[in-house]
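# Fold and geometry: a report
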Amino acid sequence: MDQSRLILKDAADELPSPNGVALAIMQLWNSDTPSITQIARLVETDPALSGRLLRLANAASRAGRPVVSIREAVARLGLETVKQVAVAFSLVDPEQERQCEAFDYAGFASHSLLVAMLARQLASQSNTAPPEDLFACALLARVGCLALATVYPQEYTQILTGSSPSLVAEERHRFGFDHNDLSYELMRDYGVPEPLARPAVHHESLDRVGDVADGRRFRIAALLHIAYRLANQGFQTRDAALDDETLDRVTALAHDALDMDSQRLRARFADAINEWLSWSQVFSLPESHPVGPDSAPETQAADRHDDPHEDGRKRALVLQTPSDPPLTEPLEAAGFGTCHRDDQEQMLRTAVEHQPDLLVIDQAAITGSAERLLRLIRSTEWGRAVYIVLIGDHLDEPAQAPLYAAGIDMYLEREMAAESLADRLAPAHRLAELKSLWLSDRRDLRRTANQLVISRRKFETLSMTDTLTGLPNRRAGMAELERAWAQWSRGGPAVGIIALDLDHFKRINDHHGHAAGDRLLAEVASVWSGVIRQGETLCRSGGEEFLVITTGIDLAAMKRIAVRLQQATRDITVPWRDSVIGISVSMGLAHSNDATDQEALLNRADKALYAAKEGGRNRICFRDNDTYLAV
Ligand SMILES: Nc1nc2c(ncn2[C@@H]2O[C@H](COP(=O)(O)OP(=O)(O)OP(=O)(O)O)[C@@H](O)[C@H]2O)c(=O)[nH]1
């Protein structure tokens, strides 16, 4: 899954934070000195920000134990760093074409938070992993979805609104990898260790949880799956009562993996839901009650042009006391769609939502220190490129200097504002033009780079796939064998090879023609694919030769697979013109217990296959001491 790493740079740096969290962090910053606990609790509600901070904390302590708990990351980084990172987040882009329309950003963050809170509750009652680590792991377990929505907004909208029943299958088809692969890569990039990140990949489906063989990883995958399932219900009902159907589905798993009965499960669910509901106000700010231009009743009538970016004009946001005449006219004359706020908090909300190009701030409407507000705005991502005009009363140059230092671009005297503002906005226009040019260049560049990743990934997939049968080719088979052997040599599951070679295939070609041979090869591949199971890999290693790589089973179990393959081959009939073609297969088995390295293993299977051919074909052979025996 190395290719998905290529889009990490974009994704990891630019995953958007929910506007509600963004605003809450700004409010904390702007009020009194926020405490590290307050900040940590807010950070925990946002997967994108949590990931960034974990990455930073882990980068700072390269040699030490990895930091997985978000609270620990916040404590290690310290208030100043966390404040800086927290305010400089990316936001969901208000411009339609740059956001994934079908992706519910706020819902995603809120759902992830609920899964995380449930995981923490379940972990606190079971001996699986530290609760704070599992909180972070669960919070980030689906961050790949957010990354795909951010990096491929249009394509992801098509996937989400398409008719495919399987999101994962559709993602794989489109991108060559799915959101689980990407979540894993991002989590590793953030510094989450493999034993926690890997089980998270399996958490969405019960079948995939069952595939996790290792005991501790299985418990982690099971815990995350239970949290995910419960969260799906809680997210919909927003109620602490657990329905029987969901409970039935997870009870057996909770019992096996966490040693937890249904009563305790219900109690943990209720606790997590209550905790989550108490946080929901963070999310209900701009998302569910948009505090955009049209929602402030007191200003609605005045703001006819309250959705300034709708018509493609540059956006101006004005903070002004109600007693002053609104600056709509000069701003409109200068080509800006304008919206007014008379309250600083409302202004910040609107700015977060709409990311204006121009901010006109009347000093009289600022609560608290003007410099502090300006610094706060300048430290945000949207605030870095906004043109700021400050309107004040008789400030001489020494009084203006610290305001310029804090981030204003222009100072205007109140009496002059109405008449001279329009004439002075050329630089603001130029900056907005530059910004939009730069953004569109960046967008095009990213789009090209991201498309390249997909093409490359598809090419790689093709170069690892046999075109006739759709099976992994020899190269892919050898890569899989190498991976399995490396695990075995580190004490992992045993590896086995079943080498298969169709009998007298040349005769088929000679008698029925090459096309008939091709049909038969494709049919054989399809039938065998249905016979092998999870954990077994079937590849086409050459013309009429195939390999099955098994893991975690002994020779006796391999023989049973070989017999199933032999029986299935016997049943294959391919109608061709006036006749029906059938085939048989010879097989040779070898097991890692009897081999010193992977070449020796392959060699041993080949020799056993040769013995099967020599013995008359249509048989399964293996070596026992110095003799070859047939199954
Ligand atoms: N139709 C078709 N034939 C292929 C393909 N690849 C290899 N072959 C043919 O497979 C045949 C293999 O022949 P041999 O190696 O003599 O083996 P065999 O006839 O199967 O005999 P045994 O293996 O000894 O049972 C050759 O005729 C190849 O041309 C392919 O992709 N399509």
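What counts, and at which threshold
Residues numbered from 1 in each chain as written. Predicted model: local features only at pLDDT ≥ 70, side-chain atom pairs only at ≥ 80, totals over all residues. Heavy atoms only, no water. Axes fitted to C-alpha atoms, helices over the stretch in contact; angles between N-to-C directions. Helix = DSSP H or I, 4+ residues; strand = E, 2+ residues; numbered from the N terminus. Parallel < 35°, antiparallel > 145°, perpendicular 65-115°, else oblique. Left-handed = near helix turned anticlockwise from the far one by under 90°. Contact = heavy atoms within 4.5 Å. Near = heavy atom within 4 Å. Polar contact = N/O pair within 3.5 Å; in protein donor to acceptor, adjacent residues only side chain to side chain. Areas by Shrake-Rupley, 256 points an atom, 1.4 Å probe, with all protein chains shown as cover. Nonpolar A, V, L, I, M, F, W, Y, C, P; charged D, E, K, R; others polar. Pairing = 2+ DSSP bridges. Core = buried A, V, L, I, M, F, W, Y, C linked by side-chain atoms within 4.5 Å. Buried < 20%, exposed > 50% of the residue type's maximum accessible area, 1.4 Å probe, protein only. Domains from an automatic or database assignment. Right-handed = clockwise from strand over helix to strand, strands pointing away. pLDDT = per-residue confidence, 0-100. Lys, Arg positive; Asp, Glu negative; His and termini not counted. Salt bridge = Lys/Arg side-chain N within 4 Å of Asp/Glu carboxyl O.

## Topic: the packing of helix H5 (residues 47-60) against helix H7 (residues 79-87)
At a closest axis distance of 10 Å, the pairing of H5 and H7 adopts a crossing angle of 140°. Relative to H7, the element H5 lies oblique. Between H5 and H7 lies a crossing of right-handed hand. In this structure, H5 uses Leu-49, Arg-52, Leu-53 and Leu-56 to contact H7, whose residues at the interface are Thr-81, Val-82, Val-85 and Ala-86.

## Side note on the site of the ligand
In the vicinity of the ligand there are 16 residues, among which His-504, Phe-505, Lys-506, Asp-518 and Arg-617 approach most closely. The separation between an oxygen atom of the ligand and a polar main-chain atom of Leu-502 is 3.2 Å. One of the backbone nitrogen or oxygen atoms of Lys-506 is found 2.8 Å away from an oxygen atom of the ligand. Protein chains bury 67% of the 660 Å² of accessible surface belonging to the ligand in isolation. Listed by contribution, the elements that provide at least two residues to the shell around the ligand are strand S8 (495-502), helix H28 (505-512) and helix H29 (514-531). It is H29 that contributes the most residues to the shell around the ligand, four residues altogether. Here the residues of the shell around the ligand are counted per class, giving three nonpolar, five polar and eight charged.

## Quick look at the sheet that holds strand S7 (residues 410-413)
Read from one edge of the open sheet, five strands run S4-S3-S5-S6-S7, paired in parallel fashion. A strand with exactly one partner marks an edge of an open sheet, and here the two such strands are strand S4 (336-341) and S7. Pairs of neighbouring strands in the sheet enclose a mean axial angle of 20°, with direction left out of account. Bridge count between strand S3 (residues 314-319) and S4: six bridges; the pairing is parallel. Bridging across to S4, Val-318 finds its partner in His-340. Sheet contacts for helix H21 (residues 344-354): S3, S4 and strand S5 (358-362); angle to S3, the most-contacted strand, approximately 165°.

## Examining the nonpolar core
Judged by nonpolar contacts, the single largest core of 124 residues is most densely connected at Phe-103, Leu-134, Tyr-156, Ile-226, Leu-359, Ile-361 and Ile-377. The element contributing the most residues to this core is helix H8 (residues 105-124), with 11 residues. When residues of this core are assigned to domains, at least three fall in each of domain 1 (3-281) and domain 2 (293-424). Listed in part, the 32 residues of the second largest apolar core include Phe-505, Phe-546, Ile-561 and Ala-562.

## A closer look at the pairing of strand S13 (residues 585-591)
Of all the seven residues making up S13, seven are buried; the element is thus mostly covered by neighbouring parts of the structure. The alternating pattern of S13 places Val-585, Met-587, Leu-589 and His-591 and Ser-586, Gly-588 and Ala-590 on opposite faces, both of which are buried. Pairing between S8 and S13: seven bridges, direction antiparallel. Looking at the pairing, Asp-501 lines up with Ser-586 of S13. Pairing between S13 and strand S14 (residues 620-624): three bridges, direction parallel.

## Re the pairing of S7
Here S7 shows a buried face lined by Met-410 and Leu-412 and a second buried face lined by Tyr-411 and Glu-413. The β-α-β motif built from strand S6 (residues 387-392), the intervening helix H24 (residues 397-406) and the parallel element S7 has right-handed crossover chirality.

## Some remarks on the confidence of the model for the protein
Reading fine detail from the predicted coordinates is not recommended where pLDDT is low. Averaged over every residue, the pLDDT of the protein is 85; the share at 70 or more is 89%. Contacts from residues 285-308, a stretch scored under 50 in pLDDT, to residues over four places away or in other chains number 50 contacts. For this predicted complex, the interface confidence score (ipTM) comes to 0.98, while the overall pTM stands at 0.63.

## A few points about the side chain of Glu-536
As for its position among the elements, Glu-536 is in the loop between H29 and strand S9 (537-542). For Glu-536, which is buried and forms no salt bridge, the nearest opposite charge comes from Arg-564, at a distance of 4.7 Å. Engagement of the side chain of Glu-536 in a polar contact is seen with the backbone nitrogen of Arg-533, the distance being 2.8 Å. Excluding anything up to four places from it in sequence, Glu-536 contacts Val-548, Ile-549, Thr-550, Ile-553 and Ile-561.

## What about the sheet that holds S13?
If you walk across this open sheet you meet the six strands as S9-S10-S8-S13-S14-S15, and the pairing is mixed. Edge positions in the sheet fall to S9 and strand S15 (627-630), since each of these pairs with one other strand and no more. The average angle at which neighbouring strand axes cross in this sheet is 25°, direction not considered.

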